[in-house]
Amino acid sequence: MKLKSHFKFSPKQRNGIFLLLVLIVTLQCIYVFVDFTSNELRIDSNELKQFQAEIDTLKTLEIEKRKPKRYPFNPNFITDYKGYTLGMSNAEIDRLLLFREQEQWINSAKQFQQVTHVSDSLLAVISPYFKFPEWITNPKPKQNYESKLFTKTPQSEADKLDLNKATAQQLQKVYGVGEKLSERILEYRTKNKGFIAIIELEEVYGLSPETIEEINKAFNVKTPRAIKKIKLNTATRDQLVTIQYIDYEIAHNIIEQRILREGFNSFEELTKVKDFPIKKIEIIKLYLALN
């Protein structure tokens, strides 16, 4: 007698049994290892508000950091783009540009508002950045040029003052001579024990030919310092080099030219000497004599 096996399953049945076992094992693992107890998350409202405030502060700082920085500027040179970034309208910018096209200058925040018609609120924001030239913000006291009488008309030789006795205040009355130049003139006079002639003013640093001409209208040298002139046609090389602007090489060239010419007939012939400092000939002539 053959017994029928009750554990004989078809392939489909075996697959079903296998899946069932996997499901059971999976559920058991979930039950063992997963904690199903519920923990409620407690939120502290004060800490949350403080944290949100910190976030807002950081956002504000970042926004300020990203804003373009403003540096001091001269409002006379505001361009279309610069005006736009400042918050000015097109009409306000156009008024400013039209004003500048007329070769006029803005010298104060108040004048800027009068020209552009910007609002008080915008002016209060941008005016602290206005930077005007130093001569506008700290103007120097105007000199009373009416006191510079010497430059109006040349004085007669008799009315002119002696340059070797002039004071700094008298020199400063000449147009173009200020405190510094008057000091330099007096320093040169002291160092050289007086002037020989007005032409020596060329040796004073900073004096222009125009200023020297103005000085010559009011001053002359009535008491020139005493000097012993050197005879050009008989001077030795050692004697010639004692004169300012003449070195040994130039002195040698002068003697050589003197021999070729059999003597100089005028000081102008010195300009033919090799390497002679022609621009200083008027100074050099003060120390020379032909015979």
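Because the structure is predicted, anything quoted here is derived from the model rather than measured. (Residues numbered from 1 in each chain as written. Predicted model: local features only at pLDDT ≥ 70, side-chain atom pairs only at ≥ 80, totals over all residues. Heavy atoms only, no water.)

A.B. asks: Mind showing me how you'd approach the overall build of the chain here?
C.D. replies: In terms of helices and strands, the chain carries 13 helices and four strands. Contacts spanning at least 24 positions in sequence make up 57% of the contacts within the chain whose residues lie at least 6 apart. For the chain, the accessible surface area stands at approximately 21900 Å², while carbon and sulfur atoms represent 56% of it. (Helix = DSSP H or I, 4+ residues; strand = E, 2+ residues; numbered from the N terminus. Contact = heavy atoms within 4.5 Å. Areas by Shrake-Rupley, 256 points an atom, 1.4 Å probe, with all protein chains shown as cover.)

A.B. asks: Teacher, can you tell me more about unusual backbone geometry here?
C.D. replies: Negative phi characterises most residues that are not glycine, and trans characterises most peptide bonds. Backbone geometry places H117, a non-glycine residue, at a positive phi of 65 degrees. Within the secondary structure, H117 sits in the loop between α5 (109-116) and α6 (120-126). For Y245, which is not a glycine, the phi torsion comes out positive at approximately 80 degrees. Relative to the elements of secondary structure, Y245 occurs in the loop between α11 (237-240) and α12 (248-261).

A.B. asks: Can you help me understand the packing of helix α4 (residues 90-101) against α5 in this one?
C.D. replies: Where α4 contacts α5, the axes come no closer than 8 Å and their chain directions differ by 110 degrees. Between α4 and α5, the crossing angle belongs to the class labelled roughly perpendicular. Residues E92, R95, L96 and F99 of α4 lie in contact with α5, whose contacting residues are Q111, F112, V115 and T116. Grouping the amino acids of the contact of α4 with α5 by side-chain chemistry returns four nonpolar, two polar and two charged. (Axes fitted to C-alpha atoms, helices over the stretch in contact; angles between N-to-C directions. Parallel < 35°, antiparallel > 145°, perpendicular 65-115°, else oblique. Nonpolar A, V, L, I, M, F, W, Y, C, P; charged D, E, K, R; others polar.)

A.B. asks: Mind showing me how you'd approach a nonpolar patch on the surface here?
C.D. replies: Among the surface-exposed residues, I17, L20, L21, L23, I24, L27, I30, Y31, V32, F33 and V34 lie close enough to one another that they form a single nonpolar patch of about 1100 Å² accessible area. Within the secondary structure layout, V34 lies in the loop between α1 (11-33) and α2 (45-66). (Patch = residues over 30% accessible without salt bridge, like charges linked within 9 Å, V, L, I, M, F, W, Y side chains within 5 Å. Salt bridge = Lys/Arg side-chain N within 4 Å of Asp/Glu carboxyl O.)

A.B. asks: Can you help me understand the packing of aromatic side chains in this one?
C.D. replies: The description of an aromatic ring pair rests on the distance of the ring centres and on the angle between the ring planes. A complete count under the given rule lists five aromatic pairs for this structure. Measuring from ring centre to ring centre gives 5.7 Å for F73 and F130, while their planes differ by 80 degrees; the resulting arrangement is edge-to-face. Here the residue F73 occupies a position in the loop between α2 and α3 (80-86), and F130 occupies one in the loop between α6 and α7 (134-137), the gap between them amounting to 57 residues. For the residue pair F73 and F130, the accessibility class agrees, reading buried in each case. With centroids separated by 6.2 Å and ring planes inclined at 80 degrees, the aromatic side chains of F130 and F132 adopt a geometry described as edge-to-face. Taking relative accessible area as the criterion, F130 reaches 11% and is therefore assigned buried. Taken together, the ring pairs in this structure connect F73, F112, F130 and F132 into an aromatic cluster. When the ring centre of F73 is taken as origin, the NZ or CZ atom of K82, which lies over that ring, is 4.5 Å away. (Phe/Tyr/Trp six-rings, centres within 6.5 Å; stacked < 30°, edge-to-face > 60°. Buried < 20%, exposed > 50% of the residue type's maximum accessible area, 1.4 Å probe, protein only. Lys NZ or Arg CZ within 6 Å of the ring centre and 35° of its normal.)

A.B. asks: Sorry if this is basic, but what is going on with the pattern of salt bridges here?
C.D. replies: For side chains of opposite charge, pairing can occur when their charged atoms come near one another. Per the counting criterion, the structure on display carries seven salt bridges. Notably, a salt bridge pairs E200 with R225, separated by 3.3 Å at the nearest N-O pair. Placement of E200 in the loop between α9 (179-191) and α10 (209-218) and of R225 in the loop between β2 (219-220) and β3 (230-231) is noted, with a sequence separation of 25 residues between them. E200 sits in the buried class, given a relative accessible area of 1%. Using a relative accessible area of 18% as the deciding quantity, one classes R225 as buried. A salt bridge links E282 to K285; the shortest N-O distance between them is 3.5 Å. You can see E282 and its partner K285 sitting in helix α13 (residues 281-285), three residues apart, about one turn around the helix. The class of E282 is partly exposed, set by a relative accessible area of 39%.

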